[in-house]
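Breakdown of the fold
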Amino acid sequence: MSSRRVPRGEYIETDTGNKVARKATLVGTQNIMLGGKTVIQPEAMIRGDLVRTIQAPAPASGAPPNNTAVSIGRYCFLSKGCCLRPPGRPYKGAFTYMPLRMGDHVYVGPGAVIQAASIGSHVHIGAKVVVGEFAIIKDYVRVLDGAVIPPNMVIPSFSIVAGQPARVIGEVPEGMLESFELRDLYKTVGNNPQPPPV
Amino acid sequence: MSSSSKTRHSIVPPVVHTGPKPPVHFTSSISIADSAILIGTGLITIHSESVIHPRAKLDSTLGRVSVGRRCIIHERATLGAVPTPPPPSMPIVRGGEGMSVALGDYVIVEVGATVEGGETVIAEGTLIGVGARVGAGAKIGRHCTLTPMSEIAAGEMLPDFTVVYSNGLRRTDNRGMTELKNKGITRQIDVLRRMIKSNPQKFA
């Protein structure tokens, strides 16, 4: 710990390359796993305090129970005002929250509310999208702005999804797969942002 | 996170409280998060066993706000929002003694939903979905469901058991599982009460 006061930037940059805005609301940080190189913009909210209360049958090895509520992969981008919260449901006669898992290169648009059970890799979620509880989104999915994904919906890979309630309206063309990469977007935010490549 | 967790103890930024601190009436069995936002001048009443998540906002600027028994107000939901733009039929009286928002029992207001103030009534067992908006003076019947992002116009009356979905389509919920649903809410509240650090003294 250095005693010199460094100028406070808008973002906290961790050793693993996460850029977390100081104005982001992360509740229950001990239950949030960030894979690294993830950007969390101001006013984003993650509910890590909603952990599962009923543990799955423990593995035979006797490993300590995993309390992660929200786990996020690498190069994810959580835009302004979005909200990630674990889904909850009745289970064996009691209510419990279940972990929310997110793969790599997931873009979450501004104002989106995510209560999915799992989101694959290379997923683009537009602005003001609502992902219902226990929805499962596979890899390379594009969710257009304002879509409302109903609870428990399973969206197959390479789908384009839109509407209220959301339906699969098309397929991601082969040439578009590059556009899901978020490495360049990652570089454009932070305390010393770089201009986007032309 | 591991190496720097000592210095970065908490990342929750402080809640900005602007405006007057309202008078409150809580029963002892409620759970209200430390970072809930209560502002306004009217009385805010929260009945027994209700849960208020962090960053939920209860605004009594337009009059009294009443939350029934076993309600769940999720994060970023707003009760008693000042209508924008104000409806022409209804003059906005700030600091009025009237009722701003009245919630019945077993009402769930989900993430980011907004209930505008001005004698708005939401009856027992209604679910206000994520990001939905209920206009000022609307009267929502019992056991209605507003799916995410749906909007109810100011002053509208919604009969009991109405489901509003898909950009304003309506149908009636004939499943007849209100008892089961209420039981589910009770179980959910049992869990939430253990998870959300309650701090009612802060608002007293």
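Residues numbered from 1 in each chain as written. Chains lettered and ligands numbered in written order. Predicted model: local features only at pLDDT ≥ 70, side-chain atom pairs only at ≥ 80, totals over all residues. Heavy atoms only, no water.

So, about the pairing of strand S22 (residues 159-162) of chain A. Residues and elements named next belong to chain A. The alternating pattern of S22 places Ser159 and Val161 and Ile160 and Ala162 on opposite faces, both of which are buried. Relative to S22, strand S19 (residues 141-143) runs parallel, the two sharing two bridges. Considered in S22, the bridge of Arg142 is made with Ile160. For S22 and strand S23 (residues 167-171), the ladder comprises four bridges, and the chain directions are antiparallel. Directly across from Ala162, in S23, lies its bridge partner Arg167. In sequence, S22 turns back onto S23 through a hairpin of four residues, with Gly163 there showing a positive phi of about 105°. (Buried < 20%, exposed > 50% of the residue type's maximum accessible area, 1.4 Å probe, protein only. Helix = DSSP H or I, 4+ residues; strand = E, 2+ residues; numbered from the N terminus. Pairing = 2+ DSSP bridges.)

Below, the discussion takes up the sheet that holds strand S5 (residues 51-52) of chain B. Residue and element names in this part refer to chain B. Judged by pairing direction, the sheet is mixed, and its eight strands sit side by side in the order S2-S5-S8-S11-S14-S17-S20-S21 without closing on themselves. Edge positions in the sheet fall to strand S2 (31-32) and strand S21 (169-172), since each has one partner strand and no second. Pairing of strand S17 (residues 145-146) with strand S20 (residues 162-165), which is carried by two bridges, proceeds in the parallel orientation. If you follow Thr145 over to S20, its bridge partner there is Val163.

Let us look at the nonpolar core. Proteins that are soluble and globular tend to have nonpolar side chains buried together. Ranked by internal contacts, the top residues of the largest apolar core, which has 61 residues, are Ile114 and Ile149 of chain A. No other element matches the five residues that helix H1 (residues 178-195) of chain B contributes to this core. Setting aside its immediate chain neighbours within four residues, Ile149 of chain A contacts Val130, Val131, Gly132, Ala135, Ile137, Val143, Ile155, Val161 and Ala166 of chain A. If you look at the next biggest cluster of nonpolar residues, it comprises 34 residues, including Ile30, Cys71, Cys144 and Leu146 of chain B. (Core = buried A, V, L, I, M, F, W, Y, C linked by side-chain atoms within 4.5 Å. Contact = heavy atoms within 4.5 Å.)

Moving on: the confidence of the model for chain B. Of all residues in chain B, 87% attain a pLDDT of 70 or more, and the chain-wide mean is 87. For residues 1-7 of chain B, every residue scores under 50 in pLDDT, and the model assigns this stretch two contacts once sequence neighbours within four places are set aside. (pLDDT = per-residue confidence, 0-100.)

Below, the discussion takes up the side chain of Lys19 of chain A. Residues and elements named next belong to chain A. Mapped onto the fold, Lys19 is located in strand S2 (residues 19-21). There is no salt bridge for the buried Lys19, and the closest opposite charge comes from Glu13, which lies 4.8 Å off by N-O distance. From its side chain, Lys19 meets the backbone oxygen of Val189 in a polar contact 2.8 Å long. (Lys, Arg positive; Asp, Glu negative; His and termini not counted. Salt bridge = Lys/Arg side-chain N within 4 Å of Asp/Glu carboxyl O. Polar contact = N/O pair within 3.5 Å; in protein donor to acceptor, adjacent residues only side chain to side chain.)

This part is about the interface of chain B and chain A. You'll often see interface size given as the accessible area lost when the parts meet. Contacts between the two partners involve 25 residues from chain B and, on the opposite side, 37 residues from chain A. Roughly 2700 Å² is buried in total at the junction of chain B and chain A, and carbon and sulfur atoms are behind 63% of that figure. As a salt-bridge pair, Arg85 of chain A and Glu75 of chain B come within 2.8 Å of each other at their nearest N and O atoms. Inspection of the chain B/chain A interface yields ten residue pairs in polar contact (both at pLDDT 80 or more). Looking at side-chain class alone, the side of chain B that touches chain A contains twelve nonpolar, seven polar and six charged residues. (Buried area = accessible area lost by both parts, 1.4 Å probe. Nonpolar A, V, L, I, M, F, W, Y, C, P; charged D, E, K, R; others polar.)

With that settled, consider the sheet that holds strand S21 (residues 154-155) of chain A. Residue and element names in this part refer to chain A. Spatially, the six strands line up as an open sheet ordered S4-S7-S12-S15-S18-S21, and their pairing is parallel. With partners counted over all chains shown, the strands left at the sheet margins are strand S4 (32-36) and S21, one partner each. Note that S4 and strand S7 (residues 70-74) share four bridges and pair parallel. Pairing of Ile32 across the sheet is with Val70, part of S7.

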